Amino acid sequence: MQRISSCMRKALDDYNMIEDGDKIAVALSGGKDSVVLLYCLKELQRYYKKFDLMAISINPGFEEFDKELLHKICDEIGVELVIYDSDIYQIVFEERKEKNPCSLCANLRRGMLNTVAKENGCNKIALGHNEDDVLETLLMNMIFAGNIGTFAPVSYMDRSDMTLIRPLIYVEEKSTKAFVKKNNLSIMPKVCPQDGNTNREFALNLLKEMELKNKQTRANLMGAIKRAHVNGWKE
């Protein structure tokens with residue numbers, strides 16, 4: 001945990017993600033990144049700023065969604081959990097029958113997450129995007145949208161008066177995998193029917209190929225994002 005906590009603390013300090021008095025909702029999918037984020041923020045409460053913490057999970061309606069596992073994760077570390085049962089699967093896959101469902105699904109989940117967070121008195125939502133996600137998003141935007149961009153470390157949503165923070169942006173995915181394995185944590189298997197068949201999967205494989213040819217690929221791409229000040233990133 002020390003390595004991940006160190007990287008996370010740097011991101012928190014670089015972008016002033018947490019302030020005294022915040023009530024933060026972790027968007028808990030049950031996947032490795034959101035589980036690691038929850039564990040590390042809970043640990044951070046012992047010695048960092050004074051903030052409250054809870055977890056919110058949006059149930060998209062997939063059969064494999066495991067509520068008991070989420071409750072077990074949160075009960076073990078003493079974090080309040082709210083699960084919102086949605087009809088996302090029905091809307092996206094049965095009614096709309098979207099060929100490219102990721103955008104609609106993400107928008108629906110984001111709106112529900114914001115609503116539940118506000119109802120529970122939260123002013124910030126912590127998302128589990130890691131460094132790999134940062135770089136994959138950059139590659140997707142360049143290749144499929146023709147622009148240089150990735151998500152911001154901190155985003156203020158003025159319509160919902162909610163701030164999104166991403167404390168894991170300096171943490172490699174292999175580190176969260178190692179943390180889960182070392183601590184024998186239970187995580188939810190991927191339940192989306194589109195998993196493995198998306199532009200993000202293409203970007204992931206491309207990033208791996210690039211790293212095989214140049215070990216500095218990751219550092220160079222992160223450096224480019226910071227030097228270009230993309231979406232508020234700092235050098």
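Residues numbered from 1 in each chain as written. Predicted model: local features only at pLDDT ≥ 70, side-chain atom pairs only at ≥ 80, totals over all residues. Heavy atoms only, no water.

Engineer: Give a description of the nonpolar core that names residues and reports values.
Structural biologist: A general tendency of soluble globular proteins is for nonpolar side chains to be buried together. I18, L38, L41 and I169 are the most contacted members of the largest nonpolar core, which has 53 residues in total. The element contributing the most residues to this core is helix α2 (residues 32-44), with eight residues. Counting 20 residues, the second-largest nonpolar core is a separate cluster that includes A27, L104, M112 and V116. (Core = buried A, V, L, I, M, F, W, Y, C linked by side-chain atoms within 4.5 Å. Buried < 20%, exposed > 50% of the residue type's maximum accessible area, 1.4 Å probe, protein only. Helix = DSSP H or I, 4+ residues; strand = E, 2+ residues; numbered from the N terminus.)

Engineer: I'd love a proper account of a nonpolar patch on the surface, names of residues and values included.
Structural biologist: On the surface, a nonpolar cluster with roughly 500 Å² of combined accessible area is contributed by M142, I143, F144, I148 and F202. Here the element with the most residues in the nonpolar patch is helix α6 (residues 131-145); it accounts for three residues. With respect to the element layout, I148 can be found in the loop between α6 and β5 (154-157). Assessed through its relative accessible area of 62%, I148 is described here as exposed. (Patch = residues over 30% accessible without salt bridge, like charges linked within 9 Å, V, L, I, M, F, W, Y side chains within 5 Å. Areas by Shrake-Rupley, 256 points an atom, 1.4 Å probe, with all protein chains shown as cover. Salt bridge = Lys/Arg side-chain N within 4 Å of Asp/Glu carboxyl O.)

Engineer: Go over the environment of R227 with me, naming the residues and quoting the values.
Structural biologist: Within the secondary structure, R227 is located in helix α9 (residues 217-227). Separated by 183 residues in the primary sequence, R227 and L44 place their C-alpha atoms 29 Å from one another. Sequence-distant contacts of R227, that is, excluding residues within four places in its chain, are made with N220 and E235. (Contact = heavy atoms within 4.5 Å.)

Engineer: I'd like a rundown of the side chain of S57, residues and numbers included.
Structural biologist: Counting through the fold element by element, S57 comes out in strand β2 (residues 52-59). Among the polar contacts listed, one links the side chain of S57 to the backbone oxygen of L28, at a separation of 2.8 Å. Those residues in contact with S57, other than ones at most four positions away along the chain, are L28, F65, L70, L81, V82, I83 and Y84. (Polar contact = N/O pair within 3.5 Å; in protein donor to acceptor, adjacent residues only side chain to side chain.)

Engineer: Which residues make up unusual backbone geometry, and what values go with them?
Structural biologist: Here N16, not a glycine, exhibits a phi torsion of approximately 45°, which is positive. By the element assignment, N16 lies in the loop between α1 (2-14) and β1 (23-27). Given a relative accessible area of 42%, N16 falls into the partly exposed group.

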